[in-house]
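Structural description and commentary
Here's the letter readout for the chains.
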Amino acid sequence: MIKSVIFDLDGVLVSTDELHYQAWKKLAAELGITGFNREDNEKQRGVSRMASLEVVLAKGDRQYTNEEKAALAEKKNNYYKEMLKDLDERAALPGAANTLKLLRERGILVGIGSASKNTPVILEKTGMLPYIDKVSCGLDTMKSKPDPEVFLIAAKKLGTPAGECLVVEDSAAGIQAAKAGGMKSLGVGPYYNTLGADVCAASLAAEIDWDKLLAM
Ligand code: B16
Ligand code: MG
């Protein structure tokens, strides 16, 4: 039986994936990297900020020191934070708000397991915070998905054994992390049927048999 549902944030509850892409694209252009495109951006789904930077730099031909990389990641984050200033309830993905309400009504605990260090501001600005019991994010972790750390921390904060947690993810790295942590998984998003999740749905707005899912 599932007692807690742990949601990934970007690409599952909110549409910040497009903002990440625009911010990386702006940085790439400044570095003279013209080949960075949406296909490359898919490799950034669910992975850490520094790993995402490597995806951009791999499209160029220059080597950067660790100090330079840290400065570039900060620059991108500043672009991204600027974009987040306009974020509101409209950034919630279809079905997200209803799903959070449905789980609250059923007495299921809700956690967040996101790589993003911007998680607190995103939850606050989109009005989702009141529906979230515990948050685990890039500010809590040392390792990135597919390591299960972010979900294990969420489960610990929720007080739920891993086997009674369901992770909802849009990235292959996230589904691998859920499995590595011994959790059940629901895959959503544009690649939902290729993620290797236990159950999949195009989005949270799709017909999802929650009775069956929560009985897993
Ligand atoms: P930040 P998620 C992830 O969010 C994004 O999918 C990924 O593209 C980003 O690099 C990562 O957060 C770190 O985000 O730069 O804001 O700390 O899918 O794990 O909710
Ligand atoms: Mg995601």
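Report follows, based on the coordinates. From a predicted model like this one, the values you see are computed outputs, not experimental measurements.

**Thoughts on the state of the cysteines**
Evaluated as defined, the whole model comprises zero disulfides. Unpaired in this structure, Cys165 has its nearest cysteine sulfur neighbour in Cys137, at a distance of 17 Å. By relative accessible area, which is 0% here, Cys165 ends up buried.

**Things to note about the sheet that holds strand S2 (residues 109–113)**
Backbone hydrogen bonds hold the strands of a sheet together, and the pairing may be parallel or antiparallel. Strand order in the open sheet formed by six strands is S3-S2-S1-S4-S5-S6, with parallel pairing between adjacent strands. Here the strands that pair on one side only, and so sit at the sheet edges, are strand S3 (134–136) and strand S6 (199–200). Both strand S1 (residues 4–7) and S2 contribute to a ladder of four bridges, which runs parallel. Each bridged residue has a counterpart across the sheet, and for Phe7 the counterpart in S2 is Ile112. Taken strand by strand, helix H5 (residues 96–105) contacts S1 and S2, and its axis lies near 160° from that of S1. On the sheet, helix H7 (residues 149–158) packs against S1, S2, S3 and strand S4 (165–169) and is oriented at approximately 160° with respect to S3.

**Details of the packing of aromatic side chains**
Remark: the centre distance and the inter-plane angle together describe each pair of aromatic rings, the angle taken between the planes. For the structure shown, the criterion picks out one aromatic pair. Measuring from ring centre to ring centre gives 5.7 Å for Tyr21 and Phe36, while their planes differ by 35°; the resulting arrangement is tilted. Of the two residues, Tyr21 sits in helix H1 (residues 17–30) while Phe36 sits in the loop between H1 and helix H2 (38–42), which places them 15 residues apart along the sequence. Classification of Tyr21 by relative accessible area gives buried; the value is 7%. Residue Phe36 is classed as buried on the basis of its relative accessible area, which comes to 1%. Lying over the aromatic face of Tyr79, Lys26 brings its terminal NZ or CZ to 4.3 Å of the ring centre.

**As for the environment of Ile2**
Looking at where Ile2 falls in the secondary structure, it is placed in the segment before S1. Spatially, the C-alpha atoms of Ile2 and Gly107 are 11 Å apart, while their sequence positions differ by 105 residues. Setting aside residues up to four positions removed in sequence, Ile2 forms contacts with Ile108, Glu164, Cys165, Leu166, Lys184, Leu213, Leu214 and Met216.

**So, the side chain of Asp10**
Looking at the secondary structure, you find Asp10 in the loop between S1 and H1. One buried charged residue, Asp10, forms no salt bridge at all, with the nearest opposite charge on Arg45 at 6.1 Å. For Asp10, the side chain forms a polar contact with the side chain of Thr16, separated by 2.9 Å. In contact with Asp10, not counting residues within four places along its chain, are Thr16, Asp17, His20 and Asp170.

**Observations regarding the site of ligand 1**
By nearness alone, 18 residues border ligand 1, and Asp10, Ser114, Ser116, Lys117 and Asn118 come closest of all. Contacts to ligand 1 include Val47, whose backbone N or O atom sits 2.8 Å from an oxygen atom. The separation between an oxygen atom of ligand 1 and a polar side-chain atom of Asn118 is 2.7 Å. Its free accessible area being 470 Å², ligand 1 has 98% of it covered by the protein chains. Comparing atom positions with the cavity grids shows ligand 1 to sit within the largest pocket. For the shell around ligand 1, a count of residues per class yields four nonpolar, eight polar and six charged.

**Thoughts on the pairing of strand S5 (residues 184–187)**
Sheet analysis places S4 next to S5, joined by four bridges and oriented parallel. Residue pairing in the sheet places Val168 in a bridge with Leu186 of S5. For the handedness criterion, the β-α-β arrangement of S4, helix H8 (residues 172–180) and S5 is classed as right-handed. Here two bridges tie S5 to S6, and the two strands are oriented parallel to one another. By the bridge assignment, Gly187 is partnered in S6 with Cys200.

What counts, and where the lines are drawn
Residues numbered from 1 in each chain as written. Chains lettered and ligands numbered in written order. Predicted model: local features only at pLDDT ≥ 70, side-chain atom pairs only at ≥ 80, totals over all residues. Heavy atoms only, no water. Disulfide = S-S within 2.5 Å. Buried < 20%, exposed > 50% of the residue type's maximum accessible area, 1.4 Å probe, protein only. Pairing = 2+ DSSP bridges. Helix = DSSP H or I, 4+ residues; strand = E, 2+ residues; numbered from the N terminus. Contact = heavy atoms within 4.5 Å. Axes fitted to C-alpha atoms, helices over the stretch in contact; angles between N-to-C directions. Phe/Tyr/Trp six-rings, centres within 6.5 Å; stacked < 30°, edge-to-face > 60°. Lys NZ or Arg CZ within 6 Å of the ring centre and 35° of its normal. Lys, Arg positive; Asp, Glu negative; His and termini not counted. Salt bridge = Lys/Arg side-chain N within 4 Å of Asp/Glu carboxyl O. Polar contact = N/O pair within 3.5 Å; in protein donor to acceptor, adjacent residues only side chain to side chain. Near = heavy atom within 4 Å. Areas by Shrake-Rupley, 256 points an atom, 1.4 Å probe, with all protein chains shown as cover. 1 Å grid on protein atoms, 1.4 Å probe; cavity = no way out; pocket = protein on both sides within 12 Å on 5 of 7 lines; lining within 4 Å. Sits in = over half its atoms within 2 Å of the grid points. Nonpolar A, V, L, I, M, F, W, Y, C, P; charged D, E, K, R; others polar. Right-handed = clockwise from strand over helix to strand, strands pointing away.

Geometric descriptors of this kind do not, in isolation, establish any biological role.
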